[in-house]
Amino acid sequence: MEKQIYTYLERPRVAGLLAEAVKSPLVTVCGGTGYGKTRAVSDFLQNGDADTAWIQLSGRDNLPSRFWESYRQAFSPFDKSVTQQLAKIGFPKTEDDFETYFIALDEWFSSGKKSVVVFDDLHLIRSGEILRFIEKRATTLVYPNSTVILISRTEPDINIVGMLSGGLAVNISEDELRFTEGECAEYLRLLGLTLSTEALADIYRDTEGWAFALNLVGHALEKMPNQVSAARAAMRLNICKLIENGAFMVISEKLRRLLVRISLLDHLSVDLVQIIAADEALAAELESVSAYIRRDVYSNTYRIHHLTLDYLREKRDILTEEEKRGAYSAAARWCEENGCLADAVSYYEKAGEYERLVRAVYDRAQQLPAKTARFLLEVFENAPPAEVSHIVHFTEMHLKLKMSAGLFSEADESAGRYLEYCTALPQTAFTDRVLSGIYSAMGGLRFLTAPDTDRYDFDTYIAKQGEYYSKSPYEAAGAAAIGYVGPWLSMVGTDRKGAMEEYLGALTRAAAHAGGVGGAGPMCGMSGLEELARGELLFYKDEVKEAERCVMRALSAARERNQYDIRNRALFYLIRIGFAQGNFAKIGQALKELEAQLGEKDYAIRYTSYDIVMGRYYLMMDLPENIAAWLKLDFEPGTLTGFMERFGNTVKARYYYAAKQYHLLLAFLESGHGREPILLGRIEAKALEAVCLYQIKNRDAALIALSEAYEMARSNDLTLPFIELGRDMRTLAASALRDKGRGIPRAWLEAIGKKSSTYAKRRAVIRSEYRKANNLGGDVRLSDRETEILIDLCHGLSRSEIAAGHDLSINTVKLIVNMVYTKLGADSLADVVRIAAERQLI
C-alpha cells in the first residue's frame, strides 16, 4: 500500500493551532492547492467529539437550490430533524426567511454540545445570494459552543472584518500550514529515508514546506533512495506538468501572457497587477488560477510559490520585448510612487528607461543609506553610454551617489575628470547645465568634508554652479546647491579659534550665490541655512535670545522658499530654545508647525525628520516611552556626516541614557562609529559620556571626559551641551569642584553648575505644565515610606535628620529621596515642594 503524507494530528504545532482556533466562532483556513487545508481540518475534527456538518462545495453549488440540498444533507448524520426543518424552510432569501432559519437552528446550536459547520472549497462559490447566506451564518448566528470553518484557496469574499477586529475570528494561512524544516525532516524519516543535513536543507528550500511538493519528493526518494538531486528534479518536472495541464493550457491567451508578465516582477501588489492587466475582467480572471496564485487580502498582494514562478519564468519567450518593457516600466513607476527607490531604479534599468531612472534618483541621492547608494551606483556605472550621454542630470547624480556611498575620494577624482571633459566640449545649453551639476556636486562634497579638511571654500563651487546654471534654459527643479541638513548646521570639525566664523562666512557667500539657483523646489537652494547656522552657534554659546532671532529669520526664509529640511531644523532649535527659556507655549507652537510638515508630500524624509525631532522633545520631557520604536533600536553604524541616520543616532544615544543602558551607550560612544567629526556633536557626545561614566560610579573617568569636553568647547565658549544635561551635569560639576577642578577653571564649573540647575528647573516647570495640559497629574503614586520622607523634605529636614528620625541609614534615605525626585519629575527641593503642593500629596 502506497504511503501517504502523515496526518496533521502527528504535527503538534498544527493540531495546537486548530485546537485554539475552534474556540472562536469563526475560522478561515486559506491557502493554495496542495497545502493540506482540508486534510488538516478533517483530521483534527475526526479526532474530536464535536458534531460536524461538512459541506463540500462545488461549482454546481452556485445554484441556491443545489447549495441548500448540500447544506441540509450535511446535518443528516447526527440530527435528522434539523435536515427536515431545513427542507421545509428552503434557501433563505429575505430577512424574514433568515429569522425563520435562525429560530429553527437555535435549539440545536444552543444545546451545549460542541458543533462545527465546515464550508470546504468556498472559493468555488460566486453566487452573491449564497455568499450572503454564508456571511450571515458565520457572523450573525454566533454561539459559545459553535464554530464555522471556511476553507478556501482565496480569502472568502464575505465581510468578516467586524469578527476579526472583535477577536471573534481566526485566520489560518498557508504560512501556518507549511511544513517547518523540522516537520519535513520528520516526514521523510517516517518514510524510512535517511538524508544528510545538506540534502534536507535543499529539499526544504525547494518545497518551502508545500505539502504537495514534499509528498512528490518523498515518493520519488522511495523509488530512488540516495538520489536527492534526481528526486528534486522529478518533483519540479511533475509540478510543471501539473501547472501546464491543469491551469496554463486551459486559461485564456491573455491570462497566460499576464501571468508570465507578472512572474518577471518581485512586487506583486494587487494594485500593480491590475495596472499591468489594464483590464478589470482580465484581473478578475486571476481567480480562476487560485490553486497556484493566491490573493492575500491582509497584505493586498498576490502570493505565488517559487516553483510556480520558476515554471512561469521559463515561458517568458512567449512575450514580446515590448510586453516585458511594459511590465518593468509599470512596476518601476509603482515602486517609485510607493517609496521603493532601489526597486524602482532596478525596474527602470530593465525597461531601458534611463531618463526616468535618473529622475527617480534626483533629489534623493544626498540622503541615501550607503548600501542603497552603492547599489544605485552600480546601476549608474553599468549604464550603456549611448543611453545616458544625453541625460542632463546623469553626471551630477553619478557624483552625488558616490558621495552618499562615502566614496569621497572617488567622487573628487571623477568630478575632476568630468570637469576636464566637459569644459573641452563646445559650449551649449546642455554642457552648461551639466557643468552646473558638476559644480553643485563639488560644492556639496567640499561642504561634507569640511569637518575633516578644515577648508571652507565650498562657496566658490556654488558660485560656479550659479554661473553655469544662469546660462542654461533647463528646468530649475532639483538644481540643489547644498540641499540637505544633518544633525548640526555648523560643518566645523576643529576647535581652532576663528574656524566657526570662517565657515559662517563661506556659508553666507554660498547662500548669496545660490539665491538664483534651483527656484523654490523642496530640496533646492539654501534659503535660511546661513541664518540657522548662525542661530545654532549662538544657541550653543548660550546666547539664547540672539539665537532665537536668527532661527526665526531662518524659519521665515525656509517657509517662503519651501526649504523643508531647514524649516524642520529651525523648529527643532525653537523647541530647544523653549526648554532653555522654560516657555511651554513657545514649544507648543513649534510642535504644531512640525506636525503640519507631515502633510508636505514633497518632503520625502518628513516622517523620519519628524520622528527624530519628536524623539528629542519626548526625551527632554522625560517621556522616553513615547519616542518612535525605531529610535529605541541599535545604533546605525558607519553613517556619514550630515545624514539622517547620524541625526537619529544622537537621539538614540539620549534614549539609551534615559533608559539607564549606560554600558551600551558607552560602547557606542567609544567606538569608531560613535566618534562625531563635527565639533558641536563631539562636545555633546563627550559631555554625555562624562555624565554616563559618573552614573556607573567611574568618577575619575567621568572627570577626565568632562575635562576633554571643556577643552573642545573652550576656544569658542560653547556651553549649552553641558547646560542641557541639567541636574546630572550640575552634580558632575560639583564633584569636579570638590576635586579642585581637574584642570577646569573653578569659575567655569560654578557657572555651568548654576546654569545647569536653572535649566533643570525650567524643564521641570515645562513638564509640570505638560502634565496639567494633558491631565496627567494623578499618575504619581508614592509608597507610605516615600510619603513620610516627602513630608520631612517639605519641612526642611536634612538627609541625616530624616535618617535619625526614621531609624534608617543615610544611604537608604538618599535612595528614597532619589525615588521621590524621579516620581515627581523634580530637579530640586523647590520643585519637590511645589509639585507636592500642586498635587496635594502632603
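1. Focus: helix α1 (residues 12-21)
Then, number 1: Three or more residues of α1 are buried, namely V14, A15, L18 and A21. The arc that holds the buried residues of α1, viewed along the axis, is 130°, so those residues lie on one side.
Then, number 2: Its buried side turned inward, α1 meets β1 (26-30), α2 (37-46), β5 (169-172) and α8 (174-177).

2. A short note on the packing of aromatic side chains
Then, number 1: Tallied over the full model, the rule gives 39 aromatic pairs.
Then, number 2: Ring centres of Y71 and F133 lie 5.2 Å apart, and the angle between their planes is 80°; this geometry places the pair in the edge-to-face category. Of this pair, Y71 sits in helix α3 (residues 64-73) while F133 sits in helix α6 (residues 128-139), and the two are 62 residues apart along the sequence.
Then, number 3: Note on Y71: relative accessible area 0%, which makes it buried.

3. Regarding the packing of helix α27 (residues 529-540) against helix α29 (residues 564-581)
Then, number 1: Two numbers describe how α27 lies on α29: the axes approach to 11 Å, and their chain directions differ by 20°. Of the possible angle classes, the one that applies to α27 and α29 is roughly parallel. The handedness of the crossing between α27 and α29 is left-handed. Listed contacts from α29 to L529, L532, E536, F539 and Y540 of α27 are I566, R569, A570, Y573, R576 and I577.
Then, number 2: Classifying every residue of the contact of α27 with α29 gives eight nonpolar, no polar and three charged.

4. Re the pairing of strand β4 (residues 146-152)
Then, number 1: With respect to burial, β4 is a largely interior element, seven of its seven residues being buried.
Then, number 2: A two-sided burial pattern is seen for β4, the buried positions comprising S146, V148, L150 and S152 on one face and T147, I149 and I151 on the other.
Then, number 3: As judged from the five bridges shared by β1 and β4, these two strands associate in the parallel manner. The residue bridging V29 from the neighbouring strand is I151, located in β4.
Then, number 4: As judged from the five bridges shared by strand β3 (residues 115-120) and β4, these two strands associate in the parallel manner. In the strand pairing of β4, V117 is matched with V148.
Then, number 5: At this point the chain moves from β3, through α6, to the parallel β4, and the crossover so formed is right-handed.

What counts, and where the lines are drawn
Residues numbered from 1 in each chain as written. Predicted model: local features only at pLDDT ≥ 70, side-chain atom pairs only at ≥ 80, totals over all residues. Heavy atoms only, no water. Buried < 20%, exposed > 50% of the residue type's maximum accessible area, 1.4 Å probe, protein only. Helix = DSSP H or I, 4+ residues; strand = E, 2+ residues; numbered from the N terminus. Arc of directions from axis to C-beta. Contact = heavy atoms within 4.5 Å. Phe/Tyr/Trp six-rings, centres within 6.5 Å; stacked < 30°, edge-to-face > 60°. Axes fitted to C-alpha atoms, helices over the stretch in contact; angles between N-to-C directions. Parallel < 35°, antiparallel > 145°, perpendicular 65-115°, else oblique. Left-handed = near helix turned anticlockwise from the far one by under 90°. Nonpolar A, V, L, I, M, F, W, Y, C, P; charged D, E, K, R; others polar. Pairing = 2+ DSSP bridges. Right-handed = clockwise from strand over helix to strand, strands pointing away.

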